[in-house]
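Descriptive analysis of the structure
Next come the chains, spelled out residue by residue.
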Amino acid sequence: MPVIAAILSGAFFWFCYWFFRLDGHKRIEEMLTQRRNTKRRLASLEAEARAPIKSITDPREAGTVLLFLIARQKGDYSAAQLTAIEHEMRTVMSLSGDLAEAQSFARFACTKTPSATAAIQDLAPLFNDRLTAQERDDLIEMLERVAHVDGPPNEEQLHLIVALRQRLAPPDAVGEGFGWTKARG
């Protein structure tokens, strides 16, 4: 027992000596500061990556981003996928004119987003606030059609469609409606 007490008291003495005389407290403070700065830097990088997605205010732009995200899950965009996306933009979203700017922004946002799930989390509130139940259904159908281009959808595409379906408001929720679909009836 006295040996253990001598070892513990010696360890305590050397710890105190290191802490006060050899500037151990500064090393501990530097380590904690570095750890805190690393957390801040990672949060900043994630916020920077999500900025293009969070800046979207138009549901049609958000829908275009999701179309490109779902197509990207099969690798590089094929000509058939790009054609299908443009077709969806023109017919369902009622976009006209030159779509190059909207498509290039959507591609940029897709490359910057940390994950497709993060993009869905950021865009779902916009869809819930601005789209009617019919328009939300149209969005899911568009994603399914683009996922079926170049063969059946893969696991990632199916996962994204299910994730979006879960994040969208229930059918009885009423958004303002943006009018991207033509009047039914």
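Before reading on, note that the structure itself is shown above.
For clarity, every value in this text was computed on a predicted model and none was experimentally measured. (Residues numbered from 1 in each chain as written. Predicted model: local features only at pLDDT ≥ 70, side-chain atom pairs only at ≥ 80, totals over all residues. Heavy atoms only, no water.)

Overview of a nonpolar patch on the surface
Worth spelling out the cut-off: The residues that make up patches have over 30% relative accessible area and no salt bridge, and they are joined within 9 Å when like-charged or within 5 Å when they are Val, Leu, Ile, Met, Phe, Trp or Tyr. Under the convention used here, a 1.4 Å probe and the Shrake-Rupley method define accessible areas, while residue burial counts only the protein chains that appear. Salt bridge, as used here: a side-chain nitrogen of Lys or Arg that lies within 4 Å of a carboxyl oxygen of Asp or Glu. Going along the chain from the N terminus, every DSSP run of H or I of four or more residues is numbered as a helix, and every run of E of two or more is numbered as a strand.
A surface patch of nonpolar side chains, about 460 Å² in accessible area, is lined by Phe13, Trp14, Tyr17 and Leu22. Locating leucine 22 in the fold gives a position in the loop between α1 (2–20) and α2 (24–54).

Things to note about the packing of aromatic side chains
Inclusion rule: Each Phe, Tyr or Trp ring, with Trp reduced to its six-membered ring, pairs with another whose centre is within 6.5 Å; inter-plane angles below 30 degrees give stacked pairs, above 60 give edge-to-face pairs, and intermediate values give tilted ones. Classification of residues uses two cut-offs on accessible area relative to the type maximum, computed with a 1.4 Å probe and protein chains only: under 20% is buried, over 50% is exposed, and between them is partly exposed.
The final tally for this structure, using the stated rule, is one aromatic pair. The interplanar angle of 85 degrees and the centroid separation of 5.3 Å between the aromatic rings of phenylalanine 68 and tyrosine 77 together place this pair among those described as edge-to-face. For phenylalanine 68, a relative accessible area of 1% gives the class buried.

Here we look at unusual backbone geometry
Phi at serine 94 takes a positive value of approximately 55 degrees, unusual for a residue other than glycine. Relative to the helices and strands, serine 94 resides in the loop between α4 (79–91) and α5 (100–112). For serine 94, a relative accessible area of 34% translates into the label partly exposed. Its identity is not glycine, yet aspartate 150 carries a phi of approximately 65 degrees, on the positive side. Locating aspartate 150 in the fold gives a position in the loop between α7 (133–147) and α8 (155–167).

Things to note about the nonpolar core
The cut-off we apply is this: The set of buried Ala, Val, Leu, Ile, Met, Phe, Trp, Tyr and Cys residues whose side-chain atoms join them within 4.5 Å is what this entry labels a nonpolar core. Contact between two residues is taken to exist if any of their heavy atoms lie within 4.5 Å; hydrogens are not considered.
Membership of the largest hydrophobic core comes to 37 residues, with the highest contact counts inside it found for Val65, Leu66, Leu123, Phe127 and Leu164. Breaking this core down by element, the ones donating at least two residues are α3 (59–72), α4, α5, α6 (116–130), α7 and α8. Among the elements that make up this core, the one with the highest residue count is α3 (eight residues). In contact with leucine 66, other than residues within four places in its own chain, are Ile120, Leu123, Phe127, Leu139, Leu143 and Leu164.

Comments concerning the environment of alanine 118
Summarising the element assignment, alanine 118 is placed in helix α6. Here the alpha-carbon distance between alanine 118 and alanine 102, two residues 16 residues apart in the chain, equals 20 Å. Other than its neighbours up to four places away in sequence, alanine 118 contacts Arg50 and Thr113.

Observations regarding α4
Under the convention used in this document: Expected helix span is given by 1.5 Å per residue-to-residue step, counting one fewer step than there are residues. The arc in question is the one spanned by the directions pointing from the helix axis to the C-beta atoms.
Between the first and last C-alpha of α4 there are 18 Å, a value that for 13 residues agrees with the 18 Å anticipated at 1.5 Å per step. Of all the positions in α4, only Gln81, Ala84, Ile85, Glu88 and Met89 are classed as buried. Mapping the buried residues of α4 onto a view down its axis gives an arc of 135 degrees, with all of them on the same face. Those residues of α4 that are exposed and aimed more than 90 degrees away from the buried face are Ala79 and Thr83. Contacts made by the buried residues of α4 are with α3, α5 and α7.

Quick notes on the packing of α3 against α8
The condition that has to hold: Helix axes use the C-alpha atoms of the stretch in contact, all axes being lines fitted to C-alpha atoms, and the angles between their N-to-C directions lie in the range 0 to 180 degrees. Angular relationships are summarised with four words: roughly parallel below 35 degrees, roughly antiparallel beyond 145, roughly perpendicular across 65 to 115, and oblique for the angles in between. Two helices crossing with the near one rotated counterclockwise from the far one by less than a right angle form a left-handed crossing, whereas a clockwise rotation gives a right-handed crossing. Ten residue types, Ala, Val, Leu, Ile, Met, Phe, Trp, Tyr, Cys and Pro, are classed as nonpolar, four, Asp, Glu, Lys and Arg, as charged, and the remainder, Gly among them, as polar.
One way to put it is that α3 packs onto α8 with a least axis distance of 9 Å and a crossing angle of 150 degrees. Compared by their axis directions, α3 and α8 come out roughly antiparallel. Here the hand of the crossing between α3 and α8 comes out right-handed. Between α3 and α8, the residues in contact are Leu66, Ile70 and Ala71 and Gln157, Leu160, Ile161 and Leu164, respectively. Among the residues forming the contact of α3 with α8, the class breakdown is six nonpolar, one polar and no charged.

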